[in-house]
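In case you want the letters, here they are:
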Amino acid sequence: NRDRPRIAGSISTWGLGADATMSDSEYDDEVEADLSVPEVVTKYKAAAEIANKVLVEVIQHCRPGNKVVVVCELGDKLLTTLSESVFNKGPKSKKVEKGIAFPTCLSINHCAGHFSPSSDDTTILQEGDLVKIDLGCHIDGYIATVAHSLVVGDGPITGSKADVLVAAYNGLEAALRTLKPGKTPSDVAQVLAEVAAAYDVNVVEGVLSHQMKRYIIDGNKVVLNKPTPEMKVEDDEFEENEVYAVDVVMSTGEGKTKMLDEKLTTVYKRALDQEYSLKLKASRAVFSEINKRFPAMPFTTRALSSIQGMRLGLSECVNHDLLLPYPVLWEKPNELVAQFKSTVLLMSNGSDKVTGHPIQECQTDKRIEDEFLKALLATALKKKKGGGKKKKSKSAVPMDQA
């Protein structure tokens, strides 16, 4: 078996290390029901509907002059409020857990991901900023995540901004049409490389698209968007009834990101397979709250109670592998990074893209010339239903050719 990369995860889990991916066996007794069970599909789609609604609200608040942290807090509040309003019928003994599956992040320009700043942060959105929004919701542990990129303001989107936005968007649509039963992660990676080349941008290294299961946001079965000699994954075939967060991130630069300041990290996830007797009182207090409120899903430190010495306590938890950090990652200055992510259900009648939002109008002089890619993007994700009047199936016409 080939080794997993030391960077495990989609942009939602870059930099966590190979052990960050939760073992599927940790929830084996919870995971048995898959998409063949209608109730499971209903819960995935309910979570997706909430994620999409929150994404729309966050997009509307990405305006010049708005503070990033305020928009992130709005997104998290909406995720919580909307999820609390559904699946409330039935006995209290069968209360359905629901809420944030990934806290709202807004990463600007060459910041590649995971920026969900502390409450005292003063970062302001400015006209022309390229913003990546990333968030997720779960209903009863069934997760739907979504990411979207946009340019702040009303001006025309041209040049390198348009190139990288359209590349990432069409890359996602091509990946969604490739990720189907019988295909493999290497098939998806090849398609992404070809789309990136058409727009003269690069696929960002270290990004993984994870299979998701109940309470598992980063399962072991993954697509490595850009395989390298140092980073490879198992090339297992995709199967019917699986769920994936297909995450596409592209850059005008080399596509290599790094952490610049550990203090900017605010998003963490509990490592369920690790135990350690914490020494500091603050560490024990923080860890106790995390275990009660965020036992499986990623969270932001803004959501924690104000505990004296919280940062020191978090450090001890991280140092002993009880928490997995999602570091804020950066491309080189003056480069631009775009991200689009959708949750897809591999159903018996085709792939069901349940999260996502249309791209802004972009003006790029670059084109997809490859006939295979053009044909791929013209295909429908789901099979046409038989009988009755046939509806025109949806295809993903390349944005530069629409």
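Residues numbered from 1 in each chain as written. Predicted model: local features only at pLDDT ≥ 70, side-chain atom pairs only at ≥ 80, totals over all residues. Heavy atoms only, no water.

A. The overall build of the protein, seen in detail. A tally of helices and strands in the protein yields eight helices and 15 strands. The buried share among the 402 residues of the protein stands at 53%. (Helix = DSSP H or I, 4+ residues; strand = E, 2+ residues; numbered from the N terminus. Buried < 20%, exposed > 50% of the residue type's maximum accessible area, 1.4 Å probe, protein only.)

B. Fine view of the sheet that holds strand β9 (residues 258-259). In space, the three strands of this open sheet follow the order β2-β13-β9, with antiparallel pairing throughout. With partners counted over all chains shown, the strands left at the sheet margins are β2 (111-113) and β9, one partner each. (Pairing = 2+ DSSP bridges.)

C. Highlighting the nonpolar core. One finds L106, V131 and I133 to be the most contacted residues of the largest nonpolar core, which totals 51 residues. Every element with two or more residues in this core is listed here: α2 (38-60), α3 (68-84), β1 (98-108), β3 (130-139), β4 (142-151), β8 (243-251) and β14 (337-347). Here the element with the most residues in this core is α2; it accounts for 11 residues. For I133, the residues in contact, after removing those within four places along its chain, are L55, V58, I59, C62, C105, L106, V146, A147, H148 and L150. (Core = buried A, V, L, I, M, F, W, Y, C linked by side-chain atoms within 4.5 Å. Contact = heavy atoms within 4.5 Å.)

D. Focus on the packing of aromatic side chains. Using the criterion set out here, one finds six aromatic pairs in the structure. Residues F238 and Y244 carry aromatic rings whose centres are separated by 5.3 Å and whose planes lie at 80 degrees to one another, so their mutual orientation is edge-to-face. With respect to burial, F238 and Y244 carry one shared label: buried. Taking the centre distance of 4.9 Å and the plane angle of 15 degrees together, the rings of F294 and F299 count as stacked. For the pair F294 and F299, one class covers both residues: buried. Members of the aromatic cluster, connected to one another through ring pairs, are Y268, F294 and F299. When the ring centre of F102 is taken as reference, the NZ or CZ atom of K341 above it lies at 5.9 Å. (Phe/Tyr/Trp six-rings, centres within 6.5 Å; stacked < 30°, edge-to-face > 60°. Lys NZ or Arg CZ within 6 Å of the ring centre and 35° of its normal.)

E. Molecular detail of the state of the cysteines. Inspection of the entire model under this criterion finds zero disulfides. With no disulfide of its own, C111 has C105 as its nearest cysteine by sulfur position, at a separation of 9.0 Å. (Disulfide = S-S within 2.5 Å.)

F. Inspection of the sheet that holds strand β12 (residues 323-326) at higher detail. On the basis of which strands lie adjacent, the open sheet formed by three strands has the order β11-β10-β12 and antiparallel pairing. Two strands in the sheet have a free side with no partner beyond their single neighbour: β11 (299-300) and β12. Summarising the sheet, strand β10 (residues 267-270) and β12 pair through four bridges and their orientation is antiparallel. Paired with K269 across the two strands is L324, which belongs to β12. Its contacts with the sheet put helix α7 (residues 310-319) on β10 and β12, and the angle it makes with β12 is roughly 110 degrees. (Axes fitted to C-alpha atoms, helices over the stretch in contact; angles between N-to-C directions.)

G. Molecular detail of the pattern of salt bridges. A full pass over the atoms with the stated rule returns 18 salt bridges. Of the charged contacts, one joins D140 and K43 as a salt bridge, the two residues approaching to 2.6 Å between their closest N and O atoms. With D140 in the loop between β3 and β4 and K43 in helix α2, this pair connects stretches of sequence that are 97 residues apart. Both residues of the pair, D140 and K43, count as buried. Close ionic contact of R302 with D76 constitutes a salt bridge, the shortest N to O distance being 3.1 Å. In this pair, R302 sits in the loop between β11 and α7 while D76 sits in helix α3, placing the two residues 226 residues apart along the sequence. Taken together, the salt bridges that share partners define one network made up of E39, K43, D140 and R214. (Salt bridge = Lys/Arg side-chain N within 4 Å of Asp/Glu carboxyl O.)

H. Examining the pairing of β14 more closely. β14 sits mainly inside the fold: 11 of its 11 residues count as buried. Neither face of β14 is left uncovered, since the one carrying V337, Q339, K341, T343, L345 and M347 and the one carrying A338, F340, S342, V344 and L346 both have all their residues buried. Summarising the sheet, β8 and β14 pair through nine bridges and their orientation is antiparallel. Bridge pairing in β14 links V248 to F340. Sheet analysis places β14 next to strand β15 (residues 350-353), joined by four bridges and oriented antiparallel. Note on β15: the bridge partner recorded for L345 is D352. Counted along the chain from β14 to the antiparallel partner β15, the turn is two residues long.

I. Unusual backbone geometry, seen in detail. Phi is positive for F87, close to 55 degrees, though the residue is something other than glycine. The residue F87 is located in the loop between α3 and β1 in this model. Look at D200: it is not a glycine, yet its phi comes out positive at around 60 degrees. Relative to the helices and strands, D200 resides in the loop between α5 (185-198) and β5 (202-203).

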